[in-house]
Amino acid sequence: MRSHWYLLLAIVVVLKSLVLDAQEPKASAKSMLTQTRQLTFDGQRAGEGYFSQDGELLVFQSERRADNPFFQIYLMDLTTGDFEAISPGVGKTTCAWIHPDNRRVLFSSTHDDPEARQKQQAEFELRASGKERRYSWDYDLHYEIYVFDRQSHETINLTNTPGYDAEASYSPDGKWIVFASNRAAYADPLTAQEKQKFETDPAWGIDLYLMQADGSQVRRLTTAPGYDGGPFFSPDGQSICYRHFAENGATAEIMTLKLDEQTPRVLTRLNAMSWAPYYHPSGKYLIFTTNLHGFSNFELYIVDVEGKQAPVRVTQTEGFDGLPVFSPQGDRLCWTSNRTTGQKSQLFVADWNHDLALESLQLTSQEMTQADDKQVAEQTAALNRAEILPVDLVRHVEYLCRPELAGRLTGTQGEQRATAYVASYFEDLGLLPAGDQGDYFQPFEFTAGIATGSDNRMAANFSGADHDYQLDVDYRPVTFSKTGPVSAAPVVFAGYGLVTPQSEEHGAYDSYVHLDVKDKWVLMFRFLPENISAEKRQFLARYSSLRYKTMVARDLGAAGVIVVSGPTSQVKEQLVPDQSDGSFSGSSLPILSITDELAKTWLAVAQKDLQALQASLDEGEPQMGFELEGLTVQATIDLVQQKQSGRNVIARLQLGDQPAASAVLVGAHVDHLGKGRSSSSLAKDQESNLIHYGADDNASGVASMLEIAEYLVGMKAAGKLQGPHDLIFAAWSGEELGLLGAHHYVETFDNPHADPHAPRPIVACLNLDMVGRLRESLVLQGIGSSDVWTQIIEQKNAPLGLKLTLQDDCYLPTDASAFYLAGVPILSAFTGSHEEYHTPRDTPDLLNYGGTVEISKLMALIARGLVLTDGLPDYKQQSQPAEQRRANLRAYLGTIPDYAAEVTGVKLSGVTKGAPADQAGLMQDDIIIELAGKKIDNIYDYTFAIEALKIGQQVDVKIIRGDKTLTLSLTPSSRD
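This text gives an overview of the structure that appears in the document. (Residues numbered from 1 in each chain as written. Predicted model: local features only at pLDDT ≥ 70, side-chain atom pairs only at ≥ 80, totals over all residues. Heavy atoms only, no water.)

## Some points on the overall build of the protein chain
Line of reasoning, step 1. For the protein chain, the helix and strand inventory stands at 18 helices and 52 strands.
Line of reasoning, step 2. In terms of principal-axis extent, the alpha carbons of the protein chain reach across some 115 × 70 × 60 Å.
Line of reasoning, step 3. Looking at the protein chain as a whole, 56% of its 976 residues qualify as buried.
Line of reasoning, step 4. Look at the contacts in the protein chain between residues 6 or more apart in sequence, and 68% of them connect residues 24 or more apart.
Line of reasoning, step 5. Summing over all exposed atoms, the protein chain offers an accessible surface of approximately 39,700 Å²; the carbon and sulfur share of this is 47%.
Line of reasoning, step 6. Averaging the positions of the 84 positive and the 127 negative side-chain charges in the protein chain gives two centres separated by 3 Å. (Helix = DSSP H or I, 4+ residues; strand = E, 2+ residues; numbered from the N terminus. Buried < 20%, exposed > 50% of the residue type's maximum accessible area, 1.4 Å probe, protein only. Contact = heavy atoms within 4.5 Å. Areas by Shrake-Rupley, 256 points an atom, 1.4 Å probe, with all protein chains shown as cover. Lys, Arg positive; Asp, Glu negative; His and termini not counted. Charge placed at Lys NZ, Arg CZ, Asp CG, Glu CD.)

## Considerations on the environment of leucine 33
Line of reasoning, step 1. Tracing the backbone shows leucine 33 in strand β2 (residues 33-38).
Line of reasoning, step 2. Along the chain, leucine 33 and alanine 350 lie 317 residues apart, while their C-alpha atoms are 5.8 Å from each other.
Line of reasoning, step 3. With residues up to four places along the chain from it excluded, the contact list for leucine 33 reads Val314, Thr315, Leu333, Trp335, Ala350, Asp351 and Trp352.

## Here we look at the pairing of strand β7 (residues 93-98)
Line of reasoning, step 1. Of all the 6 residues making up β7, 6 are buried; the element is thus mostly covered by neighbouring parts of the structure.
Line of reasoning, step 2. For β7 and strand β8 (residues 104-109), the ladder comprises 4 bridges, and the chain directions are antiparallel. In the sheet register, threonine 93 faces β8, and the bridge partner there is serine 109.
Line of reasoning, step 3. Hairpin remark: β7 followed by β8, antiparallel, with 5 residues in the connecting loop; positive phi at asparagine 102, about 65°. (Pairing = 2+ DSSP bridges.)

## Brief notes about the sheet that holds strand β11 (residues 165-170)
Line of reasoning, step 1. Spatially, 4 strands are ordered β11-β12-β13-β14 in an open sheet, and the strand pairing comes out antiparallel. Since the sheet does not close on itself, it has two edges, and those belong to β11 and β14 (219-220), each with one partner.

## Observations regarding the packing of helix α7 (residues 413-429) against helix α12 (residues 695-717)
Line of reasoning, step 1. Interaxial distance between α7 and α12 falls to 10 Å at its minimum, and their mutual angle equals 10°. Between α7 and α12, the angle is such that the two are roughly parallel. On α12, the residues that touch Tyr421, Val422, Tyr425, Phe426 and Leu429 of α7 are Val702, Met705, Leu706, Glu707, Ala709, Glu710 and Val713.
Line of reasoning, step 2. Taken together, the residues that form the contact of α7 with α12 break down as 10 nonpolar, no polar and 2 charged. (Axes fitted to C-alpha atoms, helices over the stretch in contact; angles between N-to-C directions. Parallel < 35°, antiparallel > 145°, perpendicular 65-115°, else oblique. Nonpolar A, V, L, I, M, F, W, Y, C, P; charged D, E, K, R; others polar.)

## A closer look at the packing of aromatic side chains
Line of reasoning, step 1. In the structure shown here, the tally under the stated rule is 36 aromatic pairs.
Line of reasoning, step 2. Pairing phenylalanine 493 with phenylalanine 626 gives two aromatic rings, centres 5.2 Å apart and planes at 35°, and the pair type is tilted. Remark: phenylalanine 626 occurs in strand β37 (residues 626-637) and phenylalanine 493 occurs in strand β31 (residues 484-493); sequence separation between them is 133 residues.
Line of reasoning, step 3. Taking relative accessible area as the criterion, phenylalanine 626 reaches 15% and is therefore assigned buried.
Line of reasoning, step 4. Here tyrosine 811 and tyrosine 820 contribute two aromatic rings whose centre-to-centre distance is 5.6 Å and whose plane-to-plane angle is 85°, an arrangement assigned as edge-to-face.
Line of reasoning, step 5. The buried category is assigned to tyrosine 820, whose relative accessible area is 1%.
Line of reasoning, step 6. Put simply, the rings of Tyr139, Tyr143, Tyr164, Tyr227 and Phe245 touch in pairs and so form one group of aromatic residues.
Line of reasoning, step 7. Positioned over the ring face of tyrosine 74 is arginine 64, at 5.1 Å from the centre of the ring. (Phe/Tyr/Trp six-rings, centres within 6.5 Å; stacked < 30°, edge-to-face > 60°. Lys NZ or Arg CZ within 6 Å of the ring centre and 35° of its normal.)

## Observations regarding the sheet that holds strand β3 (residues 45-51)
Line of reasoning, step 1. Within the open sheet, the 4 strands sit side by side as β3-β4-β5-β6. Their pairing is antiparallel. Each of the sheet's edge strands pairs with one partner strand only, and the pair in question is β3 and β6 (83-85). Each strand axis lies, on average, 30° off the axis of its neighbour in the sheet, ignoring direction.
Line of reasoning, step 2. Where β3 meets strand β4 (residues 57-63), 5 bridges bridge the pair, whose relative direction is antiparallel. Bridge pairing links glycine 47 to glutamine 61 in β4.

## Examining the state of the cysteines
Line of reasoning, step 1. Scanning all chains against the criterion turns up 0 disulfides.
Line of reasoning, step 2. Residue cysteine 241 stays outside any disulfide, its sulfur separated by 14 Å from that of cysteine 95, the closest cysteine.
Line of reasoning, step 3. Distance from the sulfur of cysteine 334, which forms no disulfide, to the nearest cysteine sulfur (cysteine 95) is 15 Å. (Disulfide = S-S within 2.5 Å.)

## Focus: the nonpolar core
Line of reasoning, step 1. If you look at the biggest cluster of nonpolar residues, it comprises 92 residues, and the most contacted ones within it are Leu106, Ile240, Ile302 and Trp352.
Line of reasoning, step 2. Apart from residues no more than four positions distant in its own chain, isoleucine 302 is found in contact with Met32, Tyr285, Leu286, Ile287, Phe288, Pro311, Val312, Val314, Trp352, Ala357 and Leu361.
Line of reasoning, step 3. Of all hydrophobic cores here, the second largest spans 69 residues; its members include Ile388, Tyr425, Leu778 and Leu827. (Core = buried A, V, L, I, M, F, W, Y, C linked by side-chain atoms within 4.5 Å.)

## Here we look at helix α1 (residues 116-128)
Line of reasoning, step 1. The end-to-end C-alpha separation of α1 is 19 Å, in line with the 18 Å expected for 13 residues at 1.5 Å each.
Line of reasoning, step 2. Those residues of α1 that sit buried are Ala116, Gln120 and Glu123. Projected down its long axis, α1 carries its buried residues within an arc of 65°, all on one side. Facing away from the buried side of α1, by more than 90 degrees, are the exposed residues Arg117, Gln118 and Ala128. (Expected span 1.5 Å × (residues − 1). Arc of directions from axis to C-beta.)

## Things to note about helix α10 (residues 596-605)
Line of reasoning, step 1. Where α10 is concerned, the buried positions are Asp596, Leu598, Ala599, Trp602 and Leu603. Buried residues of α10, seen end-on, are gathered within an arc of 160° and therefore sit on one face of the element.
Line of reasoning, step 2. Downstream of α10 by a residue or two, glutamine 607 has a phi angle that is positive, lying close to 55°.

## Looking at unusual backbone geometry
Line of reasoning, step 1. For the peptide bond that leads from aspartate 697 to asparagine 698, omega is 5°, which places it in the cis range.
Line of reasoning, step 2. Residue placement: asparagine 698 occurs in helix α12.
Line of reasoning, step 3. The phi dihedral of glutamine 35 is positive, around 55°, even though this residue is not glycine.
Line of reasoning, step 4. Summarising the element assignment, glutamine 35 is placed in strand β2.

## Some thoughts on the pattern of salt bridges
Line of reasoning, step 1. Evaluated as defined, the whole model comprises 34 salt bridges.
Line of reasoning, step 2. Between arginine 64 and aspartate 42 there is a salt bridge, with its nearest N and O atoms 3.9 Å apart. Residue arginine 64 is located in the loop between β4 and β5 (72-77), and its partner aspartate 42 is located in the loop between β2 and β3; the two are separated by 22 residues in the primary sequence.
Line of reasoning, step 3. Residue class for arginine 64 comes out partly exposed when judged on its relative accessible area of 22%.
Line of reasoning, step 4. A salt bridge links arginine 652 to aspartate 726; the nearest nitrogen and oxygen atoms lie 2.8 Å apart. In this pair, arginine 652 is assigned in strand β38 (residues 639-653) and aspartate 726 in strand β40 (residues 726-732), connecting sequence segments 74 residues apart. By the burial criterion, arginine 652 is buried, and aspartate 726 matches it.
Line of reasoning, step 5. If you follow the salt bridges from partner to partner, you end up with Arg45, Glu63, Glu123 and Arg127 in one network. (Salt bridge = Lys/Arg side-chain N within 4 Å of Asp/Glu carboxyl O.)

## So, the packing of helix α6 (residues 390-400) against α12
Line of reasoning, step 1. Taken N-terminus to C-terminus, the directions of α6 and α12 make an angle of 135°; their axes are 9 Å apart at the nearest point. Taken as axis vectors, α6 and α12 run oblique relative to one another. In this structure, α6 crosses over α12, and the sense of that crossing is right-handed. Taken together, the residues of α12 that come into contact with α6 (itself represented by Asp392, Leu393, His396, Val397 and Leu400) are Ala695, Ala699, Ser700, Val702, Ala703, Ser704, Leu706 and Glu707. (Left-handed = near helix turned anticlockwise from the far one by under 90°.)

## A few points about the pairing of strand β35 (residues 560-564)
Line of reasoning, step 1. Judged by how many residues are buried, β35 sits mostly within the fold: 5 of 5 residues are covered.
Line of reasoning, step 2. Burial of the side chains of β35 extends over both faces: Gly560, Ile562 and Val564 are buried on one face and Val561 and Val563 on the other.
Line of reasoning, step 3. Relative to β35, strand β34 (residues 521-525) runs parallel, the two being bridged by 5 bridges. Residue pairing in the sheet places leucine 523 in a bridge with isoleucine 562 of β35.

Rendered as structure tokens:
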């Protein structure tokens, strides 16, 4: 075994309290292990399992043969659950390891011992007698290291030297093997005292050795007295970790050694039996086993790679927990435990909380640098294969969702890290840089937000006195307000500030009838009347946006606008939030938001009551406005545009000797919402400070794009990709802020609308945005942009058989729209919205990686088909639907539309637990056909029906469920 704890169960441990230099360990308040489950069940016992580099295989040892009582080596396929025997089945075996090629498996065995079968029989007879020897390890001198070839089924001997050769593992590149051996004690002369120690305990003479993968160039690494064993390479292959026992064998500590140095580093000083160390893939810390809490109670601990922090406890279960090993992605832990019913050791696996481990060891994730990103990308490229596989997608998604990237918000360090990773991966694939400065990056500047400056003031004069007000307590400038000083001016009240024309169903509404607002502040309610019919709300909603109301007041000559939410609005925050409405353009009027309490005080000057006014106006009939005589307001508004830079990542796969004049573009946006609430976050209150990981949106799309690139690079290398067009691969940033990166890229090439027959630099744009949640069908949008799509999709999907939903829409809320507006045919892949959309709950574990593989294959084949085709696909112009006007949604229902469903109405893919829709009894697969009396034919009808709802007012929703039509009662809550 790599860490033979059982030999030492008969040794009395030195009292820990006598040790002066021992570290004081810590316990973590939260568990780093979740979803613990047993992995192996068969046989007398099993344990010591190690993952393959791609995470698809696990090699382990188990006593499960009827003709052999000792451990044999087995391989488990984690994708299918199948088992494969590796060792010959004779003798004893231990310490297996999988080569990076997944073909070769390293292990130690005594099967060439002439007495191997006799020893097996003796063990059977002992057990038949009712006895069972104490579990121990004898360091059999017949142990040699072998490698098994899974294709040829040949077992090759790598060592043939007297002594114990075992505990071997490959380096990350598969070129070297580190192992433990006591061969020197058999070959070198020993003093009488040394000979006695060795005869008493063969482990005393075990040291570490290094050799090439074929068994040549053996070099000794350690020489200190005492057992050095259980070595593993660090993730970068430059160091090893191991455990060193004291000469008396009573205690052991965790060590590391750089292979180009001679001095080992001691990481623990627990004065206990600490062994079985293993590196986390991040390289920041190790996990190990110790019996610090009792002679036979072994627990798992972690320690930082420098040994600067006290070790932190991981497990809390009495008995044996040992031999821990991390998955290649670092998100799972496999270990051996006897927490089974019969207290027999088996393998267990659990999800690992890397972020909590860093926090517990006082290591910050910000210590990572862009050099680390490049290294991770290089390691991922080395592991990935040209074939598109789930494990390859997992690596990309897991990296992009690391806590260190903090949600990849455009302009932040997290976005810089994500784009650095993509650029490094492009480079490793051999793609040519296609950025602005001869590299892979295309930077762009953008307005990240509007902040209040240091020179903001608002004051009023009434009742013969001046009153100053406090920013963000009593008032706040609206983000699109005009800036600068505003002289003292009178104030008029204009109800809801609405002006609408007359329609067939509704009369005109005018809040300014007989009201003189010239050079005066207009005080108005923020939204629209609350107690009106849904149909009238729908009509008034078109004129209720704050920007529209401001435009009306401006045209009437107002000096400025002051808005108040009012007590019947049921908003969570009375002041208008300090966030963008989708545009950073300003207004020619100063605009202020004030609290209900302040508005109440001002209206009292005119002997009016705020609540009574709003309640009266809420009935829906316009009323005369009035001036608040004796009140003047002056202000200074200071708003600062916050400029930041983001960057796209652009690469070219050149198929000929020179760059082609045109290219097929495959893109996906790499940015997301960052940490905390933003204007587009749908996080719950308790999630407001959490990271939005964006696994589906859009780590899934980037992962797919990278795998498509790798697949097509492989096609070119195999001579299967030649054509008149090149390929461009792009990771866009700024998508969540308004397609900023894609629009910036589009501006770099000429718009062909002036001459529709002119060559296009971009033949077509294939877009991948949220492709990680494939359920019933894949939605392909943008079909209406070209006549070419239907046929090519049908041809390329034939070998895959994906169920598809084809949609003509070309004006999409994703990067493809920027290209469509520039005259480029588009095709955008999408697997639908879900409950976790734009929340911190959009995490990697929820993705359907197998489905994303199929989507990636389809889009890769479509891209290849376009590259091979002479000429250009036609471009079809499409009018933007009028109903795509941006809705002003205040009401919240918690429904999740199924965009792939081809139905009349809106089919639901789910409802948010505890939300109004859930409380009303709506369910997945329900089809909404009417809401608040409004017929629902499509998602646009539904969106604007929601816009017309009043918060807290019960409405009917008519649905189709199976073969029944039902009417349910639903009460909307507030989104604001």
